[in-house]
Every structure is written in C-alpha cells, then in structure tokens.
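# Architecture at a glance
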Amino acid sequence: MHVALRMRVTILSSTVLTAVGCGGGARARARPPSGPPPAVVKDLQVPENPYRIIYNPPVNLAKPPDTTAHGRKPGR
C-alpha cells in the first residue's frame, strides 16, 4: 500500500514540476515588434531575389573523385 501511494505521489509531483518548469502553458505571448526594424537588422537581412541561392550541380557518384587538386608532392 505504501509503495503504491509513494509511486502516485512521485508521478503527480513530477508531472506538476514539469508543467511548472515549462511554463504551464499559461505564459503571456510575446508582442509582435512595433514599427520598422532598426538599421542594424536591416543591414543583416538578405534581399529576396533568386540570385542569392547558391547552386551546386548534382554529383555523379559513379565517377571516381578528382584527387589531383590536393597538391601532393611528387616523389613522396
């Protein structure tokens, strides 16, 4: 009987502590920013255009890799 009661108390207390630690779902929502962003943020933003995306062509896995670009020393 005591073990079952202790287990229930443990489960109930851990549930309550978890809910309180995570905010309990009753936290106030953050207000959206008012006005335009500051000049520092504007400098960090990337303009929306298709040229900002870096394109990498697909790799042919059937072809062996090019190992000549590593600059190995000849004769060693």
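Check the entry above for the structure.
What this report covers is the structure whose coordinates are included nearby. Since the structure is predicted, the reported quantities are computational estimates derived from the model, not experimental observations. Within every chain, residues take consecutive numbers counted from 1 along the sequence as written. Since the coordinates come from a predicted model, pLDDT governs what is reported: local features require at least 70, and pairs of side-chain atoms require 80 or more to be given and counted, while whole-chain, interface and lining totals use all residues. The basis for every side-chain value is the complete set of heavy atoms in the structure, and neither hydrogens nor water enter the calculation.

## Remarks on the overall build of the chain
Secondary structure summary: the chain contains two helices and zero strands in total. Think of it in three bands: residues with accessible area under 20% of the maximum for their type are buried, residues over 50% are exposed, and the middle band is partly exposed, with areas taken using a 1.4 Å probe on protein chains only. Going through the 76 residues of the chain one by one, you find that 0% of them count as buried. Surface accessibility of the chain: about 8400 Å² in total, with carbon and sulfur atoms responsible for 63%. For helices the rule is a DSSP run of H or I covering at least 4 residues; for strands it is a run of E covering at least 2, with both sets numbered from the N terminus onward. In these tables, accessible area is a Shrake-Rupley quantity obtained with a 1.4 Å probe, and a residue counts as shielded only by the protein chains included in the view.

## Let's talk about a nonpolar patch on the surface
Together, Leu 12, Val 16 and Val 20 make up an exposed nonpolar region whose accessible area comes to about 300 Å². Position of Val 20 among the secondary structure elements: in helix H1 (residues 2-21). What makes Val 20 exposed here is its relative accessible area of 61%. A patch is a set of surface residues, each over 30% in relative accessible area and not in a salt bridge, joined within 9 Å for like charges and within 5 Å for the nonpolar side chains Val, Leu, Ile, Met, Phe, Trp and Tyr. Put simply, a salt bridge is a Lys or Arg side-chain nitrogen that is within 4 Å of an Asp or Glu carboxyl oxygen.

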